[in-house]
Amino acid sequence: MTGPMTVADYMKEVLVHPHTGYYINKDVFGQKGDFITSPEISQLFGELLGVWSVYEWQKIGAPKPLQIIELGPGRGSMMQDILKVYSRLKLNDSIKVHLVEISPKLSQIQSNRLCESLNEGSMDDLSYRKGITKFGVPISWHKMIEDVPRGFSCIFAHEFFDALPIHKFQKTENGWREVLIDIDPKHDKLLRYVLSPGPTPATKVFASNDDTANHREVCPQAGVIMEHLAIRLEEHGGFALIADYGHLGDKYDTFRAFKEHKLHDPLIEPGSADLTADVDFTFLKKSVADKLVTLGPVPQRQFLNSMHIDARLKILLENCKTEVECKNLSSGYKMLMDPDKMGERFKFMALFPAVLEPYLNQMRVAGFQD
Ligand SMILES: C[S@@+](CC[C@H](N)C(=O)[O-])C[C@H]1O[C@@H](n2cnc3c(N)ncnc32)[C@H](O)[C@@H]1O
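These numbers come from a predicted model, not from an experiment.

With that out of the way, let us pick up the site of the ligand. Around the ligand, 20 residues are found, and the nearest of them are Thr37, Gly72, Gly74, Glu101 and His158. Glycine 72 is positioned such that a nitrogen or oxygen atom in its backbone is 2.7 Å from a nitrogen atom of the ligand. Isoleucine 102 places a main-chain nitrogen or oxygen 3.5 Å from a nitrogen atom of the ligand. Coverage of the ligand by the protein chains reaches 96% of its 600 Å² of free accessible surface.

Spelled out as structure tokens, the structure:
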């Protein structure tokens, strides 16, 4: 480190540095990792997202092939449960899967979980690996959404946007300043926050004098990805579902770290803990307002409720072979739905091309009605 760096540069360096990044070389999920996500907690989650996508796709006339794209697929569990749904409905022949994953280690875990056969090395397109899933569906891996072929798509992003780098701003009597990270002069192995002495490129572009807040977090990369999704959906058709913990522009100071399932100081032992910030859904909506209709965000329990999670749980419980299985299903359900656990804090937002607006008003989008 040669001088103070922005929080965004720090997050990028810590999370996705090609050699030492937190996500790059290890499996960070589950009881032995630092955090657990909904698709890892229960199959109910991915299955209901699969049902949602089949339903919305068929309402639009089921154009083929359908590209199912997932941004940041973690261990691949959600895609596995989504593919189970397509397979049971005998829709495998109509789909292709594209995973956008920056981490070699996680992409390896995804292919071990999902694939029957693999082909690695140099490709004739912008993928870095291809295969055929255990369900017989072609699958490919890409570093960036921009590398995924154009075509009618259903795009999922679960706990993806919260991992993207944010800038942090602080209002002072001299105007907005950027929060930077610097070496602590008293302990050269420790880091500390400092304020930029004047405006920075990021404060000039993203901080507004009309803002009544004193602190602000902005994620420009999220804006860029949203704009790309908007162009893709507008030009080639499709729809998207974004789920994450987040707010409506009314939370200001959410940057934090998780290590071994506990809150951790983001500046201590960088690389040993996950860094994250709540997603500002209002910012995401604004980034695509000229091209897309956005629905939500609605709380996770509302979305899963209106996708009939109770009915699916009942069927699974009736088919349980052991008491442990039953107990796991029930506790997973509680974790996903309880307002004090993941039910309220996690939110769902759907994106459709604006041209479909009149049609969406007649045929309401599943999961977004009370
Ligand atoms: C918090 S994890 C969520 C994983 C999964 N969606 C789940 O819910 O279990 C974030 C995922 O996004 C990936 N990721 C993070 N930053 C990325 C980036 N800039 N481009 C592509 N993938 C990224 C990580 O490697 C990981 O797979």
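Let us now look at the environment of leucine 292. In this structure, leucine 292 sits in strand E17 (residues 292-299). Taking the relative accessible area as the measure of exposure, leucine 292 reaches 6% and is therefore buried. A sequence separation of 32 residues divides leucine 292 from glutamate 260, and the C-alpha atoms of the two residues are 39 Å apart. Contact partners of leucine 292, with chain neighbours within four places excluded, come to Ala230, Leu233, Leu351, Phe352, Pro353 and Ala354.

Right, let's talk about the pairing of strand E18 (residues 346-353) for a bit. Burial analysis of E18 places eight of its eight residues in the buried class, the great majority of the element. Every second residue of E18 is oriented toward a common face, with Phe346, Phe348, Ala350 and Phe352 on one face and Lys347, Met349, Leu351 and Pro353 on the other, all of them buried. Bridge count between strand E12 (residues 238-247) and E18: six bridges; the pairing is antiparallel. Within the sheet, the bridge partner assigned to alanine 243 lies in E18 and is phenylalanine 348. Direction of pairing for E17 relative to E18: antiparallel, over a ladder of six bridges. Residue valine 298 lies in a different strand from E18, and its bridge partner there is phenylalanine 348.

To characterise two packed helices, one gives the angle between the axes of the helices and the distance between these axes. Their axes nearest at 10 Å, the elements helix H10 (residues 309-318) and helix H11 (residues 323-337) cross at an angle of 165 degrees. For the element pair H10 / H11, the angle class is roughly antiparallel. In this structure, H10 meets H11 at a crossing whose hand is right-handed. Packed against H10, whose contacting residues are Ile309, Asp310, Leu313, Leu316 and Leu317, the element H11 presents Cys326, Leu329, Ser330, Tyr333, Leu336 and Met337 at the interface. Considered class by class, the residues forming the contact of H10 with H11 number nine nonpolar, one polar and one charged.

How each quantity is defined
Here the residue numbering is sequential within each chain, running from 1 through the sequence in written order. pLDDT decides what is reported in this predicted model: residues at 70 or higher carry local features, side-chain atom pairs at 80 or more are listed and counted, and totals for whole chains, interfaces and linings draw on all residues regardless. Neither water nor hydrogens contribute to the side-chain values; these are computed over all heavy atoms in the structure. Whether a residue is near a molecule or strand depends on its heavy atoms: if one lies within 4 Å, it is near. Contacts described as polar in this section are N or O atom pairs within 3.5 Å, which, within protein, must combine one atom able to donate a hydrogen with one able to accept it, while residues neighboring in sequence count only if both atoms come from side chains. Surface accessibility follows the Shrake-Rupley procedure with a 1.4 Å probe radius. Residue values consider only the protein chains on display as shielding. Helix and strand definitions follow DSSP, with helices as H or I runs of at least four residues and strands as E runs of at least two, each counted in order from the N terminus. Each residue's exposure class comes from its accessible area (1.4 Å probe, protein chains only) as a fraction of the maximum for that residue type: buried when under 20%, exposed when over 50%, partly exposed otherwise. In this description, contact between two residues means that some pair of their heavy atoms is separated by no more than 4.5 Å. Here, a strand pair is defined by DSSP locating no fewer than two bridges between the strands. Between N-to-C directions, angles span 0 to 180 degrees; the directions come from axes that are lines fitted to C-alpha atoms, helices contributing only their stretch in contact. By definition in this entry, angles of less than 35 degrees are roughly parallel, angles greater than 145 are roughly antiparallel, angles of 65 to 115 are roughly perpendicular, and the rest are oblique. The sense of a crossing depends on the near helix, which, turned anticlockwise from the far helix by less than a right angle, makes the crossing left-handed and, turned clockwise, makes it right-handed. When residue character is reported, Ala, Val, Leu, Ile, Met, Phe, Trp, Tyr, Cys and Pro are called nonpolar, Asp, Glu, Lys and Arg charged, and the others, Gly included, polar.

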